[in-house]
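Observations on the model geometry
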Amino acid sequence: MTGDPSGTRNEFSGTAHYVIQARDIAGGIHIETAANLSPLHEAAQDLAAMVHAQWRDEATARGLATAATLAIRWDADWETADQPQNVGGELSGRGDGLDELTAAFRALPHRRLVILGPPGSGKSSLAILLTLKLLTDRAPGDPVPVILLLASWDPGKEHIDTWIAGRITEDYAGRSEALDRRAVARLVRDRQVLPVLEGLDELPESHRGAALDGINRALALGGAVILTCRSTDYAAAVEGGHVLASAAVLQAKPVSPGAAVAYLRDTAHPHRRARWQEVFDDIAARPSGPLAAALSSPLMLWLARTVYARPPADPAELADRERFADSTAIEMHLLDGLVPAVFAYGPPSPDQVRPVRDWGAERADRWLRFLAGYLTRLRTRDLAWWELPQRSLPPALTVPLFLGGLLLIGLLGQWFTSLFVRLFAQPEKIFGADTAGALLGFQLAVGSWAGLVMGGLGGAIVQMGLLSRNGRPRRPVDLFRLRGHGGRRRRGPGIAVLAALSLITAAVLVVGRGGAAIFWGFALPVLLGAALTRRVEADAPVGPGSLLRGERRVALVSAVVIAPIIGAVAATVVGSGSGRVAGIGAWLAGWLSAAGVLVMLSPWSQWVQAKAYLAVRLRLPWSTMTFLRDAHRLGVLHQVGGVYRFRHFQLQLRLAQPAGANESGTPAVHAAPQDLLETRITGRTGPGTLPTNRSGVFVLCWMFAGIWAAMATHDHAWGDAGARWMVGGAIVFPVALSLLFKLLPTWPTELRINEDLIEVTARGRCFRFLWTDVAQVEVRRIQTLPGAVETYGVHVRLQPGAEGPPHIRTDVDGWIPIWGPAKTAEITPELRQALERFAGTRWEDPWV
């Protein structure tokens, strides 16, 4: 409201019930009121407020909201950008601040931007700060920037708009009256959401090009987007013929020495600023030196500020060249403070969508050190939850756990038998059957044990199927989840319908009890198991948590759909003349036992057992998957498809180091003698040296021995020679098999390495490789048949055009195994020294 322009001018903006101007009124009175907000605009405002509150608190937790904000430098990159005429604007030169970046982004006609950089370069920080700046300066009608993690998107099965609407609905819908799932779908449809898509590199490599193509199709007629990715991964996608259309590209650059000094000086405690002087002097004197190079990364700069924020830590030690000879040594030292720094999270903010738990820095450090050591021993970066049980549970514990599970199922079956007999043993209570209690109990026990045996067979078939695809998890078919409005997923009726059909089928089998019924009883569980589950490919963009939930649903499907049919087959063991009461009771008892053993043998159950074992030993928390999710959110872990990785490879190596490793991060090993002329290493090869998974044979055979022994005891059948032979044979067979493996032949073998060649001699045959023909030497997994035990060995790859010895085996990637196999990827210090001495740059072992 304004007064006379030529005289006194009063202004008011906001919301009020009354506005009064006193004294003289000259001229006209003009009242300008804002139009009533539409429901969609109100929903956009609420979404903007919630996103701002969430990421404001996140920026504070990450140290981005200090008064002295680090100026992350950036350069325009036209080598990986779309053609300039398609971008339609200039993102020229470089910038040193957030205001410049925000202005440059708003000046782009299509407002599409890709932020690139190596790990630790500040991509995520830049995206968060840019999002907050756009929200702070947002004008009515501007799209709402929302940060979304791309790792959960499957571009081959879900439209990008559907996925964005689903993610926003899951995180924000329902937290205000105006923002429901329908409003979210309309905001996405009308391009009132600016998606800030973080982590294209967290999608499997095979899906990154499809993701860029999917974004381009959705935004073909207009729409803004911001995308972050690691530089090498985006460059590889561009080389593959994909690019984010009409998008400018910038590269996050190293922090300049002057900016690093200014940041540390401005964020230091006033009483501790003098302690930083030696660091400032070193950077100023040697702007290209080790300390300046180490602190050119925003991550390392933030760690330095955090680690040395309080006494007695003295930052002057960073300038000690005797202790820290190079930038790698400084980075390794600072990485020791990463876990305590990020896990000192404090109480969560009420505006956080998924608040991080207060795990405690000391416990989090212990758990992450275990995981780092576990991965490094396997010489892998991929943390796959389904591989943890077979690698962490000792064989001596596997058999007792299995037998304990069988005992628990047996006790549950006995309890059910007793309950059923008490309820239905009287002839007048059901169907008028004249059934004695003792006979009914015996018939139910037979059905229960038959269900246990058949369920065990089904579980064994499942285990064989998992081995054939290297243990990759399964998921129920899409029949069990339907998609609703706005991309929101809801549980469909499929599992209930199939459970009802399964019960009807089982009832028919129980009543029919013919040869055809028995045949279909055996065939249907196998067919249903194959039809109702699907394999998850190694490169599928499905997160670890989603894969675990999928296996849990598969276990549920097995218990409520497949187990009833197995129970019906078990009921046929009771016999056709036993009456309906006994048939129904045997069916229910067999169903219960089959469901128990199928769930017990499922990968989900094995994961639970391994997690409990490691939690009891204080190696992992009980809520392991939640902890991994929080570590990913805090920037310690990186997600690629269904596996986690440490975001920085050097961090994994640092956490995996034993006590006593030197500051450079390299374990203390003796250097190879320079006067060493040749190394000879002897060993043995042949069928007798092949690692085998004999524990699985023991478990399977002793399981059946225990089942048959229990049945023979219950039926007083030990006088039958067949029962004794069955139990004794199941016990002796794995022992005899192990002795047979010890009798398999082995042959001496020798590995010779010198400055000219690497040579292997075995069984009188010599395979020689000249160093001039060798391109690389690595310790790798030996490619074997699916389901075989993983083994490792030294491999060589030849130069293009070089020919290897005749009759030598080469795998599909061109690698030739020359030494091995072994159960682990660790090699002896003698062999490592020889390769370091003679192979030169051909040998590079990143795991030390």
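Whatever comes next refers back to the structure up there.
Below: a short report on this structure.

This brings us to the overall build of the protein. A tally of helices and strands in the protein yields 28 helices and 20 strands. Counting over 848 residues, the protein shows a buried share of 49%. Sequence-distant contacts in the protein: of pairs separated by 6 or more residues, those separated by 24 or more amount to 73%. For the protein, the accessible area works out to roughly 40,900 Å², and carbon and sulfur atoms hold 57% of it.

This part is about the sheet that holds strand β16 (residues 757–762). Sheet architecture is open: four strands sit in the order β14-β15-β16-β17, paired in antiparallel fashion. Every interior strand has two partners, whereas the edge strands, β14 (678–685) and β17 (765–770), have only one. Across the sheet, the mean angle separating the axes of adjacent strands is 15 degrees when strand polarity is ignored. As defined by bridge partners, β14 adjoins strand β15 (residues 747–754) across eight bridges and the pair is classed as antiparallel. Paired with Ile 681 across the two strands is Leu 751, which belongs to β15. Across the face of the sheet, helix α28 (residues 829–838) comes into contact with β14 and β15 while running at roughly 135 degrees to β14.

This part covers the packing of aromatic side chains. Tallied over the entire structure, the rule returns ten aromatic pairs. When the ring of Trp 276 is compared with that of Phe 280, the centres are 6.4 Å apart and the planes differ by 15 degrees; the resulting orientation is stacked. Overall, the relative accessible area of 3% leaves Trp 276 in the buried class. Aromatic pair Trp 385 and Trp 607: ring centres 5.9 Å apart, planes at 70 degrees, arrangement edge-to-face. Separated by 222 residues along the polypeptide, Trp 385 in the loop between α15 (361–377) and α16 (388–392) and Trp 607 in helix α23 (residues 603–616) bring together distant segments of the chain. Taken as a pair, Trp 385 and Trp 607 share a single burial class, namely buried. When the ring centre of Phe 280 is taken as origin, the NZ or CZ atom of Arg 265, which lies over that ring, is 4.9 Å away.

Regular strands show a simple pattern: their side chains alternate between the two faces of the sheet. Two elements, β16 and β17, share six bridges in a ladder whose sense is antiparallel. Counted as the bridge partner of Ile 758 is Phe 769 from β17. The loop that links β16 with its antiparallel partner β17 comprises two residues; one of these, Arg 763, has a positive phi angle of about 55 degrees.

To continue, consider the environment of Met 625. Along the chain, the position of Met 625 falls in helix α24 (residues 624–633). It is 9.0 Å that separates the C-alpha atoms of Met 625 and Leu 548, two residues lying 77 residues apart in sequence. Other than its neighbours up to four places away in sequence, Met 625 contacts Trp 385, Pro 544, Gly 545, Leu 548, Trp 607 and Tyr 644.

The next subject is the pattern of salt bridges. Note that side chains of opposite charge can pair when their charged atoms are close. Across all of its chains, the model carries 24 salt bridges by this definition. Among the ionic pairs, Arg 167 bridges to Glu 170, the shortest N-O distance being 3.1 Å. Pair noted here: Arg 167 and Glu 170 are both in helix α5 (residues 160–172), with a separation of three residues, about one helical turn. In this structure, Asp 190 engages Arg 189 in a salt bridge whose closest nitrogen and oxygen atoms are separated by 2.9 Å. Judged by relative accessible area, which is 31%, Asp 190 ranks as partly exposed. Connected through salt bridges with shared partners, the residues Glu 678, Arg 680, Glu 750, Arg 752, Glu 759 and Arg 768 form a single ionic network.

A few words on empty space enclosed by the protein. One pass over the structure, following the stated rule, counts six cavities of 30 Å³ or more. Lining the largest cavity, in full, are Phe 105, Arg 106, Arg 111, Leu 134, Arg 138, Asp 142, Pro 143, Pro 145, Leu 194 and Ala 224. Among the residues forming the lining of the largest cavity, the class breakdown is six nonpolar, no polar and four charged.

Leaving glycine aside, a negative phi is the common case for residues, and trans is the common case for peptide bonds. Pro 312 follows Pro 311 through a cis peptide bond whose omega is 10 degrees. You can see Pro 312 is positioned in the loop between α12 (298–307) and α13 (327–335). A positive phi angle is found at Arg 111, which is not glycine, with a value near 50 degrees. Structurally, Arg 111 can be placed in the loop between α3 (98–107) and β3 (112–117). A residue is classified by how much of its surface remains accessible, and Arg 111, at 28% relative accessible area, is partly exposed.

Taken together, the side chains of Leu 412, Trp 415 and Leu 592 present a nonpolar region at the surface, about 290 Å² in accessible area. Locating Leu 412 in the fold gives a position in helix α17 (residues 395–424). The partly exposed category is assigned to Leu 412, whose relative accessible area is 40%.

Glancing now at the side chain of Ser 558. As for its position among the elements, Ser 558 is in helix α21 (residues 544–572). Each residue touching Ser 558, except ones within four places of it in the same chain, is listed here: Ala 563 and Leu 598.

So, on to α24. Of all the ten residues making up α24, nine are buried; the element is thus mostly covered by neighbouring parts of the structure. Of all the positions in α24, only Thr 624, Met 625, Thr 626, Phe 627, Leu 628, Asp 630, Ala 631, His 632 and Arg 633 are classed as buried. Looking one or two residues past α24, Gly 635 carries a phi angle of roughly 90 degrees, positive in sign.

Before going further, it helps to examine the packing of α15 against helix α25 (residues 649–656). α25 packs onto α15 with a crossing angle of 100 degrees between their chain directions and a minimal axis gap of 7 Å. Considering their axes alone, α15 and α25 lie roughly perpendicular with respect to each other. Every residue of α25 that contacts α15 at Asp 365, Leu 368, Arg 369, Ala 372, Gly 373, Leu 375 and Thr 376 is listed here: Gln 652, Leu 653, Arg 654, Leu 655 and Ala 656. Looking at the contact of α15 with α25 residue by residue, the class counts come to six nonpolar, three polar and three charged.

The rules behind these values
Residues numbered from 1 in each chain as written. Predicted model: local features only at pLDDT ≥ 70, side-chain atom pairs only at ≥ 80, totals over all residues. Heavy atoms only, no water. Helix = DSSP H or I, 4+ residues; strand = E, 2+ residues; numbered from the N terminus. Buried < 20%, exposed > 50% of the residue type's maximum accessible area, 1.4 Å probe, protein only. Contact = heavy atoms within 4.5 Å. Areas by Shrake-Rupley, 256 points an atom, 1.4 Å probe, with all protein chains shown as cover. Pairing = 2+ DSSP bridges. Axes fitted to C-alpha atoms, helices over the stretch in contact; angles between N-to-C directions. Phe/Tyr/Trp six-rings, centres within 6.5 Å; stacked < 30°, edge-to-face > 60°. Lys NZ or Arg CZ within 6 Å of the ring centre and 35° of its normal. Salt bridge = Lys/Arg side-chain N within 4 Å of Asp/Glu carboxyl O. 1 Å grid on protein atoms, 1.4 Å probe; cavity = no way out; pocket = protein on both sides within 12 Å on 5 of 7 lines; lining within 4 Å. Points joined across faces, edges and corners; volume = space filled by probe spheres on them. Nonpolar A, V, L, I, M, F, W, Y, C, P; charged D, E, K, R; others polar. Patch = residues over 30% accessible without salt bridge, like charges linked within 9 Å, V, L, I, M, F, W, Y side chains within 5 Å. Parallel < 35°, antiparallel > 145°, perpendicular 65-115°, else oblique.

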